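# Understanding the architecture of this molecule
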Amino acid sequence: MNDEFFGLPKIHKSVEIQTAIKNQNSEYITILRPKDLKLRPIIAGPSCPKHWLSNFIDIILKPLSQYIPSYVRDDIDFLTHLPKHIDENAILVTFDVTSQYTNIPHDLGLNAIKYWIENHPGIIQNRFTLEFILDAVFILENNSFFFNSKYYLQIRGTAMGTKMAPTYATLVMGFLKQQLYRKLEEIEGPEFTHHFENTWKRYLDDCFIIWTKSSNALTNFERTLNNLHPAIKFTKEINSNNIPFLDILVIKNGTEINTDIFYKSTDTHQYLDFRSCHTAHTKRNIPYCLARKIFIYIYTFSF
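Since the model is a prediction, treat every value here as computed from it, not as a measurement. (Residues numbered from 1 in each chain as written. Predicted model: local features only at pLDDT ≥ 70, side-chain atom pairs only at ≥ 80, totals over all residues. Heavy atoms only, no water.)

## Here we look at the overall build of the protein chain
Tallying secondary structure elements over the protein chain gives 10 helices and 11 strands in all. Since a compact globule built from 303 residues should have a radius of gyration of about 19 Å, the 21 Å found for the protein chain is in line with a globular shape. A principal-axis box enclosing the C-alpha atoms of the protein chain has dimensions of 60 × 55 × 35 Å. Across the 303 residues in the protein chain, those meeting the buried criterion constitute 41%. (Helix = DSSP H or I, 4+ residues; strand = E, 2+ residues; numbered from the N terminus. Rg over C-alpha atoms; globule rule 2.2 N^0.38 Å. Buried < 20%, exposed > 50% of the residue type's maximum accessible area, 1.4 Å probe, protein only.)

## What about the pattern of salt bridges?
A side chain with one charge may pair with a side chain of the opposite charge, provided their charged atoms come close. Counted according to the given criterion, the structure contains 4 salt bridges. Asp58 is the salt-bridge partner of Lys62, the closest N and O atoms lying 3.5 Å from each other. Owing to a relative accessible area of 45%, Lys62 belongs among the partly exposed residues under this scheme. We classify Asp58 as buried; its relative accessible area is 4%. The salt bridge involving Asp273 is made with Arg275; its shortest N-O contact spans 2.9 Å. Exposure remark for Asp273: the relative accessible area of 38% places this residue in the partly exposed category. (Salt bridge = Lys/Arg side-chain N within 4 Å of Asp/Glu carboxyl O.)

## As for the packing of aromatic side chains
As enumerated under the stated definition, the model contains 17 aromatic pairs in all. Plain terms: the ring middles of Phe56 and Phe132 are 6.4 Å apart, the flat faces sit at 75° to each other, and that makes the pair edge-to-face. Of this pair, Phe56 sits in helix 2 (residues 50–61) while Phe132 sits in helix 6 (residues 130–136), and the two are 76 residues apart along the sequence. Seen from their ring centres, Phe128 and Phe132 are 5.9 Å apart, and the 25° between their planes marks the pair as stacked. On the basis of relative accessible area, Phe132 is assigned to the partly exposed category, the value being 36%. Three or more aromatic residues joined by ring pairs form one cluster here, namely Phe95, Tyr181, Phe192, Phe196, Trp200, Trp211 and Phe221. Residue placement shows Lys283 over the ring face of Phe274; its charged tip is 5.2 Å from the ring centre. (Phe/Tyr/Trp six-rings, centres within 6.5 Å; stacked < 30°, edge-to-face > 60°. Lys NZ or Arg CZ within 6 Å of the ring centre and 35° of its normal.)

## Re the environment of Lys163
Inspection of the secondary structure assignment puts Lys163 in the loop between strand 5 (150–153) and helix 7 (165–187). Residues in contact with Lys163, not counting those within four places in the same chain, are His51, Ser54, Asn55 and Asp58. (Contact = heavy atoms within 4.5 Å.)

## Observations regarding the sheet that holds strand 10 (residues 248–253)
Taken together, the 3 strands give an open sheet; going across it, the order is 9-10-11, and neighbouring strands pair in antiparallel fashion. The outermost strands of the open sheet, each flanked by one partner alone, are strand 9 (242–245) and strand 11 (256–261). Between one strand axis and the next, the sheet turns through 25° on average, direction left out of account. Here strand 10 runs beside strand 11; their pairing, made up of 6 bridges, is antiparallel. Bridge pairing links Lys252 to Ile257 in strand 11. (Pairing = 2+ DSSP bridges. Axes fitted to C-alpha atoms, helices over the stretch in contact; angles between N-to-C directions.)

## Quick notes on the packing of helix 5 (residues 106–119) against helix 7
It is the contact of helix 5 with helix 7, at a shortest axis distance of 9 Å, that shows an interaxial angle of 80°. The angle between helix 5 and helix 7 falls in the class roughly perpendicular. Residues His106, Leu108, Gly109, Asn111, Ala112, Ile113, Tyr115 and Trp116 of helix 5 touch helix 7, and the partners they reach there are Tyr168, Leu171, Val172, Gly174, Phe175, Leu176 and Gln178. Considering only residue class, the contact of helix 5 with helix 7 consists of 10 nonpolar, 5 polar and no charged. (Parallel < 35°, antiparallel > 145°, perpendicular 65-115°, else oblique. Nonpolar A, V, L, I, M, F, W, Y, C, P; charged D, E, K, R; others polar.)

## Here we look at the sheet that holds strand 7 (residues 206–211)
One open sheet accounts for 4 strands, arranged 6-7-3-8; its pairing is antiparallel. Of all strands in the sheet, those with a lone pairing partner are strand 6 (201–203) and strand 8 (234–239), marking the two edges. Pairwise comparison of adjacent strand axes, ignoring direction, gives a mean angle of 20° for this sheet. Note that strand 3 (residues 91–97) and strand 8 share 6 bridges and pair antiparallel. In the sheet register, Leu92 faces strand 8, and the bridge partner there is Asn239. Packed onto the sheet, helix 7 meets strand 3, strand 6 and strand 8 and runs at close to 155° relative to strand 6. Those strands touched by helix 8 (residues 190–199) are strand 6 and strand 7, and its axis lies near 130° from that of strand 7.

## Considerations on helix 5
The end-to-end C-alpha distance of helix 5 is 20 Å, a good match for the 20 Å that 14 residues give at a rise of 1.5 Å each. The complete set of buried residues in helix 5 reads His106, Leu108, Gly109, Ala112, Ile113, Trp116 and Ile117. Burial along helix 5 is one-sided: seen end-on, the buried residues are contained in an arc of 165°. Contacts made by the buried residues of helix 5 are with helix 2, helix 6 and helix 7. (Expected span 1.5 Å × (residues − 1). Arc of directions from axis to C-beta.)

## Notes on the packing of helix 7 against helix 9 (residues 215–226)
Their axes nearest at 10 Å, the elements helix 7 and helix 9 cross at an angle of 140°. The angle between helix 7 and helix 9 falls in the class oblique. Handedness of the crossing formed by helix 7 with helix 9: right-handed. Touching Lys177, Leu180, Lys183, Leu184 and Ile187 of helix 7 are Phe221, Thr224 and Leu225, all from helix 9. Among the residues forming the contact of helix 7 with helix 9, the class breakdown is 5 nonpolar, 1 polar and 2 charged. (Left-handed = near helix turned anticlockwise from the far one by under 90°.)

Laid out in structure tokens, this is it:
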């Protein structure tokens, strides 16, 4: 049995759709086949037997994430790490890993898993040996899927959709950051490296930092970041006033940090009718996510 392959449209990245929403100013917009619409490739892992092995490995490895200094669990966790006051000349910077899941080489992923297990051996139960876990991750090399009446085998990276992918990517990026800390200490010294460890935060492929050094130093830092591994590349966005990260808009007001809920330009605040034919868990998840956003809103005004 093979996984099914499908694509989720990246509506928020389509300029044509953004323009149509702005110009039509309606609950429903009319636009046919936008040429700049891209798809996020997804493998329907639950439809394949190896899904259970992927789920099992995810359960074993996930506790290791807490030992990664930059790791944030979600947007609410991110809020707890934001300082109340910053340097007046600081700028807000985000980095994004380009096609993270599909660009992680298998050898890098296995080395990352080995590194975190060996450095935190007490987290994994003794009955699960390192050799067993590394052998079980063979699912990375056996990601086959069916698309357009043909069978394919993914030869690089991990599938976007398999259960262990987020934890796997988190451990890989945390492993690379350990290398980054050592390089920064050589280049910038221990004081800046300590500041970086405390302020650099990451959720999967999204990274955030409050930058306090010069623009030239930021350019050098970006170069260092992109030289960590030939397969892993970062793009950056900078802003002196405000910048989005996850569902949060981080706002710099002088020396103070304020936050608000962030909505993408394509968000029309339209939601599924609960009487629709969508699956029950999808419909239940919508009010849950809205309640989380309300909590974020309340939290920001008590921050």
